[in-house]
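Spelled out, the chains give:
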Amino acid sequence: MSTIYKGIDISLYQGNPNFEKVHASGVDFVMHKAGQGRLADGSYNAPFIDPKFTRNIKAASQIGDDFYQGSYWYFMANTEEQVREEAKYYIELLKPYKYNHQLWAAVDVEDPSITTNYKTLSNHIEIFCHLVACAGFRPMVYANSYWLDHRFKAPKNVPIWEANWSAGKMSDRARMWQYSSKGAVDGISGNVDVNVALDIIGDANNDGKVDNKDVITMIRKMSGWNVPINESQADLNQDGYVTMKDLVKLMRKLSGRK
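**Observations concerning helix α8 (residues 244-254)**
Each full turn of the α-helix corresponds to 3.6 residues, which orients residues three or four apart in the same direction. Turning to α8, its buried residues are D246, L247, K249, L250 and K253. Each buried residue of α8 sits inside an arc of 165° when the element is viewed along its axis, so together they form one side. Exposed and oriented more than 90 degrees from the buried face of α8 are M244 and K245. In this structure, the buried residues of α8 make contact with β1 (4-10), β4 (68-74), α6 (212-222) and α7 (231-234). A positive backbone phi angle near 90° is found at G256, which sits one or two residues after α8.

Spelled out as structure tokens, the structure:
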């Protein structure tokens, strides 16, 4: 049984959210815009940080237990060189916040200035996600339903964050669904993108699912076995350690209890 989480994604347009109020209103997670590849009009032709990224990821990190963070990168590349340049810049932005960044590092693929064909764009997205994964972060692909159906093929085993504001439910292929751009959340002035996601925390064995195999992985790790474990995912209570408290919390979530 999957656990459903409520989330938002934000950028400079949401200003300085009050994350205590955001979380108190029932929001479980936030996806921060980290930056962008370049400007489409050509006036700035290099990767750059979102002006509110640093402030917001630091502020959200103070909320503590049960408020989780990820991020996304607004993709603008049309050549492999640009892909690698953007991925490198994104990874460097995330490194200082590795232990506050429990969720995905998503690549946002939607800009009309991307002119590459289906095969080339699919390859570019695969390269970007591979570089993110090699740096120790969890890649994800964000796109609307049209782009996912017609513009590129998402890499195998990389979860999909699908934007569809008219669908009545999350598609079977998606792990996260952005269902509206006109959400209202306490602690944020104006509209905000709102999302639901499945099993965002607890994937201790990195297989893309949260189930009893993760419980077994955590038990073995705490028993001294030399097994690989995703510590940021296994640290459910965000106290910096993987302990029995995290194991109990995961078991409660899997049983449908808070």
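**Quick word on the environment of Y118**
Note on placement: Y118 falls in helix α4 (residues 118-134). When the C-alpha atoms of Y118 and I160 are compared, they prove to be 17 Å apart, with 42 residues separating the residues in sequence. Residues contacting Y118, with those up to four places away along its chain left out, are H150, R151, F152 and K153.

**Topic: a nonpolar patch on the surface**
A contiguous nonpolar surface patch, about 260 Å² in accessible area, is contributed by M222, M244 and V248. Within the secondary structure, M244 sits in helix α8.

**Remarks on the packing of aromatic side chains**
Scanning the model with the defined rule gives 10 aromatic pairs in all. Aromatic side chains F75 and F128 sit 5.8 Å apart centroid to centroid with 90° between the ring planes, which places their arrangement in the edge-to-face category. With F75 in the loop between β4 and α3 (80-94) and F128 in helix α4, this pair connects stretches of sequence that are 53 residues apart. Each member of the pair, F75 as well as F128, is classed as buried.

**Here's the deal with the environment of L39**
Mapping L39 onto the fold places it in the loop between β2 (29-36) and β3 (48-49). Excluding residues within four positions of it along the chain, L39 makes contact with Y44, F48 and M76.

**Considerations on the side chain of D111**
Residue placement: D111 occurs in the loop between β5 (104-108) and α4. For D111, the side chain forms a polar contact with the side chain of Y74, separated by 2.8 Å. Among the polar contacts made by the side chain of D111, one reaches the side chain of S113 at a distance of 2.6 Å. Discounting residues that sit within four places of it in the chain, D111 has contacts with A40, Y74, F75, M76 and W147.

**Observations regarding the pattern of salt bridges**
Tallied over the entire structure, the rule returns 7 salt bridges. With its nearest N and O atoms 3.1 Å apart, the salt bridge here joins E80 to R84. Of the two residues, E80 and R84 both sit in helix α3, 4 residues apart, roughly one turn of that helix. Taking the shortest distance from any N to any O, the salt bridge between E162 and R173 comes out at 2.9 Å. With E162 in strand β7 (residues 160-163) and R173 in the loop between β7 and β8 (174-183), this residue pair connects regions lying 11 residues apart in the sequence. Exposure remark for E162: the relative accessible area of 4% places this residue in the buried category.

The rules behind these values
- Residues numbered from 1 in each chain as written.
- Predicted model: local features only at pLDDT ≥ 70, side-chain atom pairs only at ≥ 80, totals over all residues.
- Heavy atoms only, no water.
- Buried < 20%, exposed > 50% of the residue type's maximum accessible area, 1.4 Å probe, protein only.
- Helix = DSSP H or I, 4+ residues; strand = E, 2+ residues; numbered from the N terminus.
- Arc of directions from axis to C-beta.
- Contact = heavy atoms within 4.5 Å.
- Patch = residues over 30% accessible without salt bridge, like charges linked within 9 Å, V, L, I, M, F, W, Y side chains within 5 Å.
- Areas by Shrake-Rupley, 256 points an atom, 1.4 Å probe, with all protein chains shown as cover.
- Salt bridge = Lys/Arg side-chain N within 4 Å of Asp/Glu carboxyl O.
- Phe/Tyr/Trp six-rings, centres within 6.5 Å; stacked < 30°, edge-to-face > 60°.
- Polar contact = N/O pair within 3.5 Å; in protein donor to acceptor, adjacent residues only side chain to side chain.

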